[in-house]
Amino acid sequence: MTIKLTTQAYCKMLLHAAKYPHCAVNGLLVAEKQEKKKDSITTPVLCVDCIPLFHGTLALAPMLEVALTLIDTWCKENKYLIAGYYQANERTKDVRPNQVAEKVASRIAENFNEAAIIMVDNTIFSMGCYEPILAIYDHHENKWNRRDCNVDCFEDWGEAQKITSALLEGRSYESLIDFDNHLDDLRNDWTNPEINKSVLDLC
Amino acid sequence: MASVSEMYDVTWEEMRDKLRKWREENHRNSEQIVDVGEELINEHASKLGDDVWIIYEQVMIAALDCSRDDLAWTCLQELKKQFPGSQRVKRLGGMRLEALEKYEDAGKQYDSILQEDPTNTAARKRKISILKAQGKNSDAIGELNEYLELFVGDQEAWHELSDLYINEHNYGKAAFCLEELMMSNPHNHLYCEQYAEVKYTQGGLENLELSRKYFAQALKLNNRNMRALFGLYMSASHIAASPKVNAAMKKANVKYAAWAANQINRAYQLAGRGTKENKCSVKAVEEMLESMQITMS
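The text that follows walks through the structure, step by step, so that each part is easy to find. (Residues numbered from 1 in each chain as written. Chains lettered and ligands numbered in written order. Predicted model: local features only at pLDDT ≥ 70, side-chain atom pairs only at ≥ 80, totals over all residues. Heavy atoms only, no water.)

This part is about the overall build of chain B. Per the secondary structure count, chain B includes 16 helices and zero strands. Here chain B has a C-alpha radius of gyration of 24 Å; the compact-globule value for 297 residues is 19 Å, and the former is much larger. C-alpha atoms of chain B, sized along the principal axes, occupy 75 × 50 × 30 Å. Restricting to contacts in chain B with at least 6 residues of sequence separation, those with at least 24 account for 50%. Summing over all exposed atoms, chain B offers an accessible surface of approximately 16000 Å²; the carbon and sulfur share of this is 49%. Charge-centre separation for chain B: the mean point of 38 positive side chains lies 7 Å from the mean point of 45 negative side chains. (Helix = DSSP H or I, 4+ residues; strand = E, 2+ residues; numbered from the N terminus. Rg over C-alpha atoms; globule rule 2.2 N^0.38 Å. Contact = heavy atoms within 4.5 Å. Areas by Shrake-Rupley, 256 points an atom, 1.4 Å probe, with all protein chains shown as cover. Lys, Arg positive; Asp, Glu negative; His and termini not counted. Charge placed at Lys NZ, Arg CZ, Asp CG, Glu CD.)

Now the structure itself:
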């Protein structure tokens, strides 16, 4: 099952990783709920948004459970569902999903069969964003297997590349809010409406 | 490119004071430090007096974080000129080698510091950081344990060790490190709360109860700690829902969870006042708490 990303989802993922270059970061990808189609043609899952979760220590359970439950409730209200999980590891050369990634993704897969893990490839992360820097992992036969990520994984790669690069240069990541920031101060909004607006304005 | 002082309309004294605040509070906002510090050094070095040396050190470390080797090199040269033969400057040289991924050379630099002064804790800790950077977590844990046998009071080291254990999913040992920190800092609500999170992650009824108690303790020390409040709610809910508890315990935990849910709702109401967007998260929290109540009873 292929997964596709919109510019907004890709942007916010990279902004999250850029905001905390010295930490591991993770988050969720949400897609619009679709009616079941009778035909057997599989349409790709379009991830329309991403919710940045934590930075630093990713391997502790309680806040992760709170975040998953809260975001699940929010998704139901907005006719979304949680479709994937992304993670950027602390060390540059470390691109493989670890135990945390697999556990969270399995939990997501309980509600959505085609859940995917998206790892950010730190080795090719740059301001210019000239190539997609993701590695997508699907679950087959009890293992997570890497699939090639190319421009087909994006709704519109040209737009995604341009806008992400512009926001990185403009240091928009300084105002990105993740769930950790929200727990520090409840007024911080993890849906990031202002960054969403910046993305739309640049489209 | 506008200067920092122009963009934010600040004087050089305010910039210097900001740098001191970040230094004292150990912030890792390296990009900001580089922006403010570079301008301060380039335009106002003569006015800073003796402060300039500690600012060079702070800016150099921030520059390494931002891959600004040009700036780091300049700062290092100034410090070398002023303090020839200083071990503190030698350690900064080692950090620069680490940033360039020349780990062997950096290791040699630290070894030479340790030869002159075997009690130099900074050099020993940098050697452990090299292991961590290379992904050799078990080696880093081994070395850090040895270090802590000699330098038992080093809180930064205990916290680093607890983080390393958490990343290796060794929650029992991580809890031990946090216990050391709680003993020497009984009023620190963050250690309490992190200990509670580790116990919760370990799982099992006994650990859940301990976790609830420490979340409660963290709240007592700081009643605005949202993580502690959520943690209290989650742990009490899980205990109440467990088939292994007797009726009395279940009743007590349902009460704790209800109290926590109430406090959470109040906190969200308070935060959501006046903003239209936050109203949706207030609603989401209410619904989440309601749905968990259903699974509990």
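Further remarks concern the overall build of chain A. Regarding its fold elements, chain A presents six helices and seven strands. N-terminal to C-terminal, the α/β element order of chain A is β-α-β-β-α-β-α-β-β-β-α-α-α. What you see for chain A is a C-alpha radius of gyration of 16 Å, in line with the 17 Å of a compact globule of 203 residues. Counting only C-alpha atoms, chain A reaches 45 × 40 × 35 Å along its principal axes.

Okay, the side chain of Thr7(A) next. Residue and element names in this part refer to chain A. Following the sequence through the fold, Thr7 ends up in helix α1 (residues 7–19). The exposure class of Thr7 is buried, given its relative accessible area of 4%. In this view, Thr7 contacts Asp156, Glu159, Ala160, Ile163 and Val199; residues no more than four positions away in its chain are not counted. (Buried < 20%, exposed > 50% of the residue type's maximum accessible area, 1.4 Å probe, protein only.)

Our next topic: the sheet that holds strand β7 (residues 143–147) of chain A. Strands belonging to one sheet form pairs held by backbone hydrogen bonds; the direction of such a pair is parallel or antiparallel. Residues and elements named next belong to chain A. Pairing in this open sheet of seven strands is mixed, and the strands run β1-β3-β2-β4-β5-β6-β7 from one edge to the other. Only two strands of the sheet have a single partner each, and these edge strands are β1 (3–5) and β7. Pairwise comparison of adjacent strand axes, ignoring direction, gives a mean angle of 35° for this sheet. The pairing of strand β2 (residues 25–32) with strand β3 (residues 45–55) spans seven bridges and is classified as antiparallel. Following the sheet pairing, Val30 is matched in β3 by Asp49. Here helix α3 (residues 99–109) sits on the sheet and contacts β2, β4 (80–88), β5 (116–120) and β7; the angle it forms with β4, its principal contact strand, is near 175°. (Pairing = 2+ DSSP bridges. Axes fitted to C-alpha atoms, helices over the stretch in contact; angles between N-to-C directions.)

As a further point, take the packing of aromatic side chains. Residues and elements named next belong to chain A. Counted under the stated rule, the structure contains 13 aromatic pairs over all chains. Both rings, one in Trp74 and one in Trp190, keep their centres 5.4 Å apart while their planes meet at 75°; by these two values the pair is edge-to-face. Separated by 116 residues along the polypeptide, Trp74 in helix α2 (residues 61–77) and Trp190 in the loop between α5 (179–184) and α6 (193–202) bring together distant segments of the chain. Residue Trp74 is classed as buried on the basis of its relative accessible area, which comes to 7%. In textbook terms, an aromatic cluster arises when at least three aromatic residues are bridged by ring pairs, as seen for Phe54, Trp74, Tyr80, Phe179 and Trp190. (Phe/Tyr/Trp six-rings, centres within 6.5 Å; stacked < 30°, edge-to-face > 60°.)

Residues and elements named next belong to chain B. The end-to-end C-alpha distance of helix α9 (residues 137–150) is 20 Å, a good match for the 20 Å that 14 residues give at a rise of 1.5 Å each. Buried within α9 we find Asn137, Ala140, Ile141, Leu144, Tyr147 and Leu148. Axial view of α9: buried residues confined to an arc of 125°, hence all on one face. Turned more than 90 degrees away from the buried face of α9, the exposed residues are Ser138, Glu149 and Leu150. Taken together, the buried residues of α9 touch α8 (121–133) and α10 (155–167). (Expected span 1.5 Å × (residues − 1). Arc of directions from axis to C-beta.)

Time to look at the interface of chain A and chain B. With 29 residues of chain A at the interface, the matching set in chain B holds 35 residues. A buried area of about 3000 Å², summed over both sides, lies between chain A and chain B, and 59% of it is on carbon and sulfur atoms. Of all residues in chain A, the largest losses of buried area upon contact with chain B belong to Leu60(A), Met63(A) and Leu186(A), amounting jointly to 19% of the total for that side. Applying the counting criterion to the chain A and chain B interface returns six salt bridges. Where chain A meets chain B, there are twelve residue pairs in polar contact (both at pLDDT 80 or more). Of all elements in the fold, only α2, α3 and α5 of chain A reach the threshold of two or more residues within the side of chain A that touches chain B. If you tally residues by element for the side of chain A that touches chain B, the top one is α2(A), at ten residues. Within the side of chain A that touches chain B, the residues separate by chemical class into twelve nonpolar, six polar and eleven charged. (Buried area = accessible area lost by both parts, 1.4 Å probe. Salt bridge = Lys/Arg side-chain N within 4 Å of Asp/Glu carboxyl O. Polar contact = N/O pair within 3.5 Å; in protein donor to acceptor, adjacent residues only side chain to side chain. Nonpolar A, V, L, I, M, F, W, Y, C, P; charged D, E, K, R; others polar.)

Let us look at unusual backbone geometry. You will see that Cys129(A), though not glycine, has its phi angle at about 55°, which is positive. Within the secondary structure, Cys129(A) is located in the loop between β5 and β6 (134–140). When its relative accessible area of 2% is taken as the criterion, Cys129(A) is described as buried. A positive phi is found at Asn26(B), a non-glycine position, where the angle reads about 60°. As for its position among the elements, Asn26(B) is in the loop between α2 (12–24) and α3 (30–44). Looking at Asn26(B), the relative accessible area reads 64%, which means it is exposed.

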